[in-house]
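Geometric and topological summary
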Amino acid sequence: MNRFIAKLLFLVIIATLPLNAARAQKQTAPETLIRNATVVTVTRGTLQNTDVLLRNGKIAAVGKNLNAPANARIIDGTGKYVMPGIIDCHSHSMLDTINEGTLSVTSMVHTEDVLNPTDVDLYRELAGGVTTLNLLHGSANPIGGLNTVVKIKYGRPANEFLFPGAMPGIKFALGENVKRSSTPNQPGVTRRYPNTRMGVEEVIRDAFTRARDYKRAWDEYRAAAKNDKNLIPPRRDLQLEPLVEVLEGKRYVHAHCYITSEILMLINLADEFGFKVKTFQHVLEGYKVAKEIAAHGAGASIFADSWAYKIEAYDAIPYNAAIMTRAGVVVSMNSDSDERARRLNLEAAKAMHWGDLTEEQALKLITINPAIQLGIQERVGSIEVGKDADLAIWNGHPFSVYSRVDTTFIDGEVYFDRAQDLARRPELAKERAALEQAEPNRPRPQGQSPQGPRRRPSGHEDDDVEVEKP
Amino acid sequence: MPKVRSRLLVALVLLSLNLNANAQRGAIDTYAITNTRIVTVSGPVIERGTVVIRNGLIAAAGADVNAPPDARVIDGTGLTVYPGLIDSYTNLGLPDAAPSPSPGGGGGGGGFFALTQPRPASGPNSTQPPGLQPEVLVEDVIRPGGAEIEASRNIGITTALTLPRTGIWMGQSALINLAGDTPQQMIVRSPVAMHVGFTPLRNSGYPGSLLGVFSSLRQMMLDAQRYREAMQIYDRAPRGTRRPDTDRSLAALVPVIEGRMPVVMLANSEREIMRALDLGEEFKLKLIIAGGREADRLSARLVKQNVPVLLSLNLPKRTTAALPEADPESLRVLRERVAAQETAGKLAKAGVRFAFESGSLNNLSELMGNVNRTIENGLTATDALRAFTIWPAEILGVKNQLGSIEAGKIANLTIVRGDLFDRNSRVTHVFIDGRPVDLRPAPAPTPVPTASPN
């Protein structure tokens with residue numbers, strides 16, 4: 001009898017073990033209470049003298065005079081602003097390579113395969129209050145590769161960056177980049193099709209036609225294979241599978257575009273095939289067709305005020321965000337640049353100046369709106385109880401040029417802390433001095449001269465059709 | 001009359017064959033190295049003993065072994081006999097990769113296997129472009145002799161895994177002994193493994209980037225799965241089934257996706273290794289990592305997935321000159337160079353199986369110095385020797401033939417005055433397949449001019 005009880009007890013313990021382990025793991029991130037701050041919730045107004053409690057990676061409470069749990073880390077937020085982590089809906093950070101430009105349709109390639117979690121740009125973005133990135137394939141082809149939505153968990157392995165539950169997506173591109181307008185004609189070199197906007201449409205239509213046939217072939221095979229064991233299955237085609245997902249509404253389309261004709265073309269083509277474009281990226285002439293974009297249900301992810309960097313960007317105006325917002329389009333402000341990504345707060349602020357968006361509308365451009373565009377609005381994009389504890393503490397209003405980020409949290413853990421960064425610098429200098437003395441780091445008296453600093457891409461990467469370095 | 005002449009010819013040929021055979025039979029094939037220190041690797045070190053070589057094999061080794069009367073005796077006083085060293089990732093025996101006369105030009109006229117251009121080897125009638133042809137066998141292109149093979153032998157390397165130079169699916173490697181008059185005599189085992197490099201194709205279309213490399217690897221493995229299934233269905237019911245196209249490339253991948261043939265993936269940084277491990281897991285491959293500079297950071301996963309590492313001894317070092325106007329190097333680069341010396345020791349402690357490879361060091365004379373650096377940074381000398389002998393033999397599937405001094409194994413021996421890893425030691429004799437090889441002293445290192453102090 002005793003033995004039986006012991007056995008039972010043992011089983012119970014075994015059964016609860018994994019639970020305990022999971023709980024223990026979650027509790028490793030300490031609870032944090034930010035006290036007496038100005039909390040910019042984005043969706044529920046801006047709250048003065050308010051506390052925010054972070055527990056188990058989530059926002060556990062928002063309110064006045066919250067009780068600090070024992071062992072909680074307490075941050076005095078007096079005079080500071082707490083803002084949701086900024087979401088950049090168009091980024092190429094941490095990608096070892098951006099374009100597979102050899103073919104016009106490269107839906108088989110996946111940015112997730114080439115993540116570089118050590119890219120220092122990520123740290124700089126954290127220092128700008130950014131916590132989530134939409135990593136997109138480049139714009140070399142009408143149908144590009146698959147995207148990856150990540151949280152910037154700098155210092156962790158790449159697989160821990162992946163945003164759980166984010167909608168899968170794919171990059172499309174229209175216009176000058178894909179028709180290779182900036183590629184000079186060279187004798188003896190065949191230009192990659194397409195060379196016109198007409199061709200771009202044809203390439204996309206052809207791809208979706210093939211995807212539809214592909215789906216039909218598999219459906220037919222599955223039906224027939226029930227009765228015939230000796231049926232050879234169709235070939236699995238990694239190029240067409242993501243397009244079938246688009247047709248089935250299981251994958252978002254993020255389409256790089258500029259001018260009205262191509263925006264309307266893609267809307268019509270999507271209607272014809274029965275799918276939705278989730279976001280138009282850049283979409284500099286979006287203000288001209290804002291109603292049509294809104295009617296399709298697409299979002300727009302844009303720059304604040306840069307234009308005329310190529311022919312198709314001549315008609316842009318800085319009122320784009322305001323006009324589209326008023327037409328009912330979900331608009332976000334993106335970086336498309338590792339440099340601009342550090343100051344997306346100011347890009348959003350510009351929309352108050354150009355077009356008189358309210359502060360709340362402008363804040364949404366870099367928080368809840370891009371969250372909606374990526375299908376993660378239930379998790380991030382605002383400060384609400386139950387959402388992920390992805391937020392930043394600013395030392396002033398985020399729309400002021402004089403403000404900077406003190407601390408950035410992701411899932412309740414600190415990934416950037418200005419004070420810690422400054423405190424670590426002497427230690428790092430000491431480490432550097434020691435490392436430079438180590439044998440493998442001693443400079444050779446001969447050999448090639450050192451390389452210059454890496455050429456940093458200028459403001460726009462969208463027209464930077466990357467050439468693979470040998 | 002013509003008949004007579006042909007008969008005469010046949011007779012002559014037979015005679016010459018016979019002579020050859022006689023010559024071989026007459027050659028000395030029995031050696032004894034006496035009064036020598038024997039590092040067997042498989043067992044304890046024999047401080048004073050004899051190694052007997054007969055007919056290409058190790059006949060006996062031990063303290064109480066006597067030299068047979070017909071043996072040529074080498075007095076091993078002051079010498080140490082080691083198993084021949086194995087370099088587990090090389091391009092030895094391949095024709096030179098000469099610069100291409102017409103970059104991006106069409107197929108070279110030099111025949112299918114002419115590796116005279118810096119482009120991947122190519123298989124005949126392939127469905128795939130060069131670089132994506134897993135059916136390429138390095139066995140078909142290796143040649144005996146050459147300066148590179150000689151340089152390797154001079155430092156005591158007797159056996160090498162050799163593989164095509166470039167490609168995504170690079171092809172299948174062979175384990176060769178670094179002596180022999182014909183390619184056939186050199187080969188110990190072929191094919192040994194499938195090789196994957198992640199370098200995009202150049203000037204030849206898709207895949208032209210790392211992104212495309214991964215998707216094309218995946219697509220071909222999926223295609224191989226279907227090919228296997230289609231062939232099985234066809235074999236089952238040839239009557240009434242439309243005959244699937246044969247495809248040498250996909251056929252070559254079938255043993256890979258079935259986990260029978262190991263796949264060696266070239267990966268050095270942590271993220272490269274992680275990508276390879278992910279791909280290996282996705283397709284249930286029998287994976288081996290080559291390069292492995294930061295493999296220690298993934299020790300737990302390597303042990304769990306049972307993935308061995310062919311660890312490069314081409315340790316990174318600063319190559320740029322010290323100029324006052326130079327930008328400081330990043331802390332990451334400085335850290336990585338120092339950490340690379342510790343990888344071997346950490347792998348050994350974590351229980352990751354690994355073997356050394358020379359990592360295409362330009363100057364092979366640095367190789368033993370670099371082994372010493374791994375020993376100074378946490379690897380035991382015993383494990384360093386194992387990583388050159390029995391561990392590669394195990395990883396490459398030849399542990400019954402190579403990797404230790406035991407009776408019956410191939411007589412590949414490296415004989416050294418002093419300790420193998422000592423900076424002042426000298427390789428005095430090398431036996432390959434039971435025969436001594438001519439050693440040429442390595443050229444004196446070029447004197448390093450001292451920087452003018454200004």
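Residues numbered from 1 in each chain as written. Chains lettered and ligands numbered in written order. Predicted model: local features only at pLDDT ≥ 70, side-chain atom pairs only at ≥ 80, totals over all residues.

Details of the overall build of chain A
Formally: Comment: elements are numbered from the N terminus, with helices defined as DSSP H or I runs of at least four residues and strands as E runs of at least two. Exposure is read from a count of other C-beta atoms within 10 Å of each residue's own; the residue is exposed at 12 or fewer, buried at 20 or more and partly exposed in between. C-beta atoms are placed from the backbone. Note on contacts: residues are paired as contacts if their backbone-placed C-beta atoms lie within 7 Å.
The helix and strand tally for chain A stands at eleven helices and 17 strands. A burial count over chain A gives 46% of its 470 residues as buried. Contacts in chain A between residues far apart in sequence, at least 24 positions, make up 69% of those at least 6 positions apart.

Topic: the sheet that holds strand 6 (residues 86-91) of chain A
All names here are of chain A. Rules: When DSSP finds two or more bridges between two strands, those strands count as paired. Whenever a helix is involved, its axis is fitted only over the stretch in contact; in every case the axis is a line through C-alpha atoms, and angles between N-to-C directions fall within 0 to 180 degrees.
Taken in spatial order, the three strands line up as 6-7-9 in an open sheet, and their pairing is mixed. In this open sheet, the two edge strands, each paired with only one partner strand, are strand 6 and strand 9 (148-151). Between one strand axis and the next, the sheet turns by 20° as a mean value, whatever way the strands run. Of the pairings in the sheet, the one linking strand 7 (residues 130-135) to strand 9 comprises four bridges and is antiparallel in character.

A short note on the interface of chain A and chain B
What counts here: Each residue gets one label: Ala, Val, Leu, Ile, Met, Phe, Trp, Tyr, Cys and Pro are nonpolar, Asp, Glu, Lys and Arg are charged, and the others, such as Gly, are polar.
Chain A puts 43 residues into the contact, and the matching count from chain B is 48 residues. A per-element tally of the side of chain A that touches chain B places helix 11 (residues 418-437) of chain A first, with four residues. For the side of chain A that touches chain B, the per-class residue count stands at 18 nonpolar, 15 polar and ten charged.

Observations concerning the domain arrangement of chain A
Note on interface size: it is often stated as the accessible area lost on association of the parts. All names here are of chain A. What counts, and what does not: Domain start and stop positions are those given by an automatic or database domain assignment.
Taken domain by domain, chain A consists of domain 1 (29-84 + 381-418) and domain 2 (86-184 + 191-380). Tallying the contact residues gives 20 residues for domain 1 and 24 residues for domain 2. Of all the elements in the fold, those that place two or more residues in the side of domain 1 that touches domain 2 are strand 5 (81-84), strand 15 (391-394), strand 16 (405-410) and strand 17 (413-417). Looking at the side of domain 1 that touches domain 2, the element that brings in the most residues is strand 16, giving three residues.

Concerning the sheet that holds strand 10 (residues 187-189) of chain B
All names here are of chain B. The four strands lie next to each other as 6-7-9-10, forming an open sheet whose pairing is mixed. Both edges of this open sheet fall to strand 6 (85-90) and strand 10, since each of them pairs with a single strand only. Direction aside, the axes of adjacent strands within the sheet are offset by 30° on average. In this sheet, strand 9 (residues 174-177) lies alongside strand 7 (residues 157-162) in antiparallel orientation, the contact comprising four bridges. Of the residues in strand 9, the one forming a bridge with alanine 160 is isoleucine 176.

Re the confidence of the model for chain B
All names here are of chain B. As a reminder of what qualifies: The predictor reports its confidence for every residue as pLDDT, a score running from 0 up to 100.
Here chain B averages 87 in pLDDT, while 85% of its residues score no lower than 70. Between residues 13-26, whose pLDDT stays under 50, and residues either more than four places distant or in other chains, the model counts zero contacts. Considering only residues more than four positions removed or in separate chains, one finds that residues 98-118, a stretch of pLDDT under 50, has 24 contacts. ipTM for the predicted complex: 0.89, alongside a pTM of 0.88.

Let's talk about the domain arrangement of chain B
Residue and element names in this part refer to chain B. Structurally, chain B comprises domain 1 (23-84 + 404-441) and domain 2 (85-317 + 328-403). For domain 1 and domain 2, the distance between their C-alpha centroids amounts to 30 Å. Residue-level contacts link 22 residues of domain 1 with 25 residues of domain 2. Those elements that provide at least two residues to the side of domain 1 that touches domain 2 are strand 16 (413-417) and strand 17 (426-432). The leading source of residues in the side of domain 1 that touches domain 2 is strand 17, at three residues. By residue class, the composition of the side of domain 1 that touches domain 2 is twelve nonpolar, five polar and five charged.

Concerning the pairing of strand 12 (residues 263-267) of chain B
Residue and element names in this part refer to chain B. Defined as follows: With the strands aimed away from the viewer, a crossover counts as right-handed if its path from the first strand over the helix to the second runs clockwise.
Counting buried residues in strand 12 gives five out of five residues, a clear majority hidden from the surface. Burial of strand 12 is two-sided: the residues Val263, Met265 and Ala267 facing one way and the residues Val264 and Leu266 facing the other way are all buried. Bridging between strand 11 (residues 194-196) and strand 12 involves three bridges; their strand directions are parallel. Across the sheet, residue valine 196 finds its bridge partner in strand 12, namely methionine 265. By the bridge criterion, five bridges tie strand 12 to strand 13 (residues 287-291) in an arrangement that is parallel. Looking at strand 13, one finds that methionine 265 is bridged to isoleucine 289. Traced from strand 12 through helix 6 (residues 270-282) to strand 13, the parallel crossover comes out right-handed.

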